[in-house]
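Here is how the chains run, residue by residue.
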Amino acid sequence: DGGITQSPKYLFRKEGQNVTLSCEQNLNHDAMYWYRQDPGQGLRLIYYSQIVNDFQKGDIAEGYSVSREKKESFPLTVTSAQKNPTAFYLCASTVLGGGNTGELFFGEGSRLTVL
Amino acid sequence: LAKTTQPISMDSYEGQEVNITCSHNNIATNDYITWYQQFPSQGPRFIIQGYKTKVTNEVASLFIPADRKSSTLSLPRVSLSDTAVYYCLRGNSGGYQKVTFGIGTKLQVIP
């Protein structure tokens, strides 16, 4: 079945460590997004990419990095520079063009806890 | 950023119809209105999308008046499983990078 897969579902990290969250989609979508969600809050955009080998910062990019080497993959690295990385991370993808707003497909999320 | 305004929370009894209103006074000509549902510890999922008038699918209806400054998501005969956060978004074919997910409306369905 087509969809978007995130891994791992749960991740624990010690302070000072970098961690990478995986996001893979087999929907042939052009655009991919990373969001962060804190308890009781909405989603905040970290990074997005509309084409391979190109990505742009979102509203809260500091302390994060991404790559888009393949259309189907958009990994997120949470670096030690991120001051408060404990959060729920969501990856999403959509088609571009077509006149309306394409449906945004989300993964199941990755919950990162810094110990 | 493309922002919308919606109530923070709503309560409803099972079996009732629930209407959640969203304000988007400065909506652009090419913006669509899309609603998403999110359960705890899950990613949001698409419910319905519209541009003008009324759209209906198997789970909800979306009413958008002629001036498009607001919209109303209607959930018929809610059940306990409809307890979730509902997000109203405005956007166009250019992608979601300028679309703001606010805190949404937390709907609590009461037995």
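Structure's up top.
Parameters and conventions
Residues numbered from 1 in each chain as written. Chains lettered and ligands numbered in written order. Predicted model: local features only at pLDDT ≥ 70, side-chain atom pairs only at ≥ 80, totals over all residues. Heavy atoms only, no water. Helix = DSSP H or I, 4+ residues; strand = E, 2+ residues; numbered from the N terminus. Rg over C-alpha atoms; globule rule 2.2 N^0.38 Å. Buried < 20%, exposed > 50% of the residue type's maximum accessible area, 1.4 Å probe, protein only. Contact = heavy atoms within 4.5 Å. Salt bridge = Lys/Arg side-chain N within 4 Å of Asp/Glu carboxyl O. Pairing = 2+ DSSP bridges. Axes fitted to C-alpha atoms, helices over the stretch in contact; angles between N-to-C directions. Core = buried A, V, L, I, M, F, W, Y, C linked by side-chain atoms within 4.5 Å. Phe/Tyr/Trp six-rings, centres within 6.5 Å; stacked < 30°, edge-to-face > 60°. Lys NZ or Arg CZ within 6 Å of the ring centre and 35° of its normal. Disulfide = S-S within 2.5 Å. Buried area = accessible area lost by both parts, 1.4 Å probe.

Novice: Explain the overall build of chain A to me, please; I cannot follow it from the model alone.
Specialist: Along chain A, the regular secondary structure elements total zero helices and eleven strands. Helices and strands appear in chain A in the N-to-C order β-β-β-β-β-β-β-β-β-β-β. What you see for chain A is a C-alpha radius of gyration of 14 Å, in line with the 13 Å of a compact globule of 115 residues. Within chain A, the proportion of its 115 residues that are buried is 48%. Across chain A, every contact between residues at least 6 apart in sequence was considered, and the portion connecting residues at least 24 apart equals 54%.

Novice: Which parts of the structure should I look at to understand the pattern of salt bridges?
Specialist: Pairing is possible between side chains of opposite charge, provided their charged atoms come close. All names here are of chain A. In the structure shown here, the tally under the stated rule is five salt bridges over all chains. Between D38 and R36 there is a salt bridge, and its shortest N-O distance comes to 3.0 Å. The class of D38 is buried, set by a relative accessible area of 16%. The buried category is assigned to R36, whose relative accessible area is 4%.

Novice: Quick question: what am I supposed to make of the sheet that holds strand 9 (residues 105–110) of chain B here?
Specialist: For sheets, the rule is that strands pair by backbone hydrogen bonds, running either parallel or antiparallel. All names here are of chain B. Taken in spatial order, the five strands make up an open sheet running 1-9-8-3-4, and their pairing is mixed. Either end of the sheet is taken by a strand with one partner, and the two such strands are strand 1 (9–13) and strand 4 (45–50). In this sheet, neighbouring strand axes are inclined to one another by 25° on average, regardless of whether the strands run parallel or antiparallel. Bridge count for strand 1 against strand 9 is five bridges, and the pairing is parallel. In the sheet register, M10 faces strand 9, and the bridge partner there is L107.

Novice: Would you take a moment to explain the nonpolar core for this structure?
Specialist: In a soluble, globular protein the nonpolar side chains are often hidden away together inside. In terms of nonpolar packing, the biggest core is built from 20 residues, with I33, W35, I47, L73, L75 and Y86 of chain B touching the most fellow members. At the level of elements, strand 2 (18–23), strand 3 (32–38), strand 4, strand 6 (61–64), strand 7 (70–75), strand 8 (84–91) and strand 9 of chain B are the ones that each hand at least two residues to this core. Ranked by size, the runner-up nonpolar core spans 19 residues in total, among them I4, F74, V78 and A87 of chain A.

Novice: Teacher, can you tell me more about the packing of aromatic side chains here?
Specialist: Think of a pair of aromatic rings as described by two things: how far the centres are apart, and how the planes are tilted against each other in angle. All told, the structure shown has 13 aromatic pairs over all chains when counted by the stated rule. Plain terms: the ring middles of F106 of chain A and F101 of chain B are 6.1 Å apart, the flat faces sit at 85° to each other, and that makes the pair edge-to-face. One end of the pair, F106 of chain A, is in strand 10 (residues 105–106); the other, F101 of chain B, is in the loop between strand 8 and strand 9, on a second chain. Exposure class is identical for F106 of chain A and F101 of chain B. Each is buried. Taking 5.1 Å as the distance between ring centres and 55° as the angle between the ring planes, the aromatic pair formed by Y32 of chain B and Y51 of chain B counts as tilted. In this pair, Y32 of chain B sits in strand 3 while Y51 of chain B sits in the loop between strand 4 and strand 5 (53–56), placing the two residues 19 residues apart along the sequence. The exposure class of Y32 of chain B is partly exposed, given its relative accessible area of 22%. Looking at Y51 of chain B, the relative accessible area reads 28%, which means it is partly exposed. In textbook terms, an aromatic cluster arises when at least three aromatic residues are bridged by ring pairs, as seen for Y33, Y35, Y48 and F106 of chain A together with Y36, F46, Y87, Y96 and F101 of chain B. Across from the ring centre of Y51 of chain B, 3.8 Å away, lies the NZ or CZ of R68 of chain B, which sits over that ring.

Novice: What exactly am I supposed to notice about the state of the cysteines here?
Specialist: All names here are of chain A. If you walk through the whole model with that rule in mind, you get two disulfides over all chains. Two residues, C23 and C91, share a disulfide whose sulfurs are 1.9 Å apart. In this structure, the disulfide formed by C23 and C91 twists by about -75° around the S-S bond and is classed as left-handed. Linking C23 in strand 3 (residues 19–25) with C91 in strand 9 (residues 87–94), this pair joins segments that are 68 residues apart in sequence. Residues C23 and C91 agree in their burial class; the two are buried.

Novice: Which parts of the structure should I look at to understand the interface of chain A and chain B?
Specialist: How big an interface is tends to be reported as the loss of accessible area on association of its parts. Facing the 27 residues of chain A at the interface are 22 residues of chain B. With both chains or domains summed, chain A and chain B bury close to 1900 Å², and 55% of this area falls on carbon and sulfur atoms. Our count for the chain A to chain B interface comes out at zero salt bridges. Mapped onto the side of chain A that touches chain B, the elements with two or more residues apiece are strand 4 (31–37), strand 5 (43–51) and strand 9 of chain A. In terms of residue count, the dominant contributor to the side of chain A that touches chain B is strand 5 of chain A (four residues).

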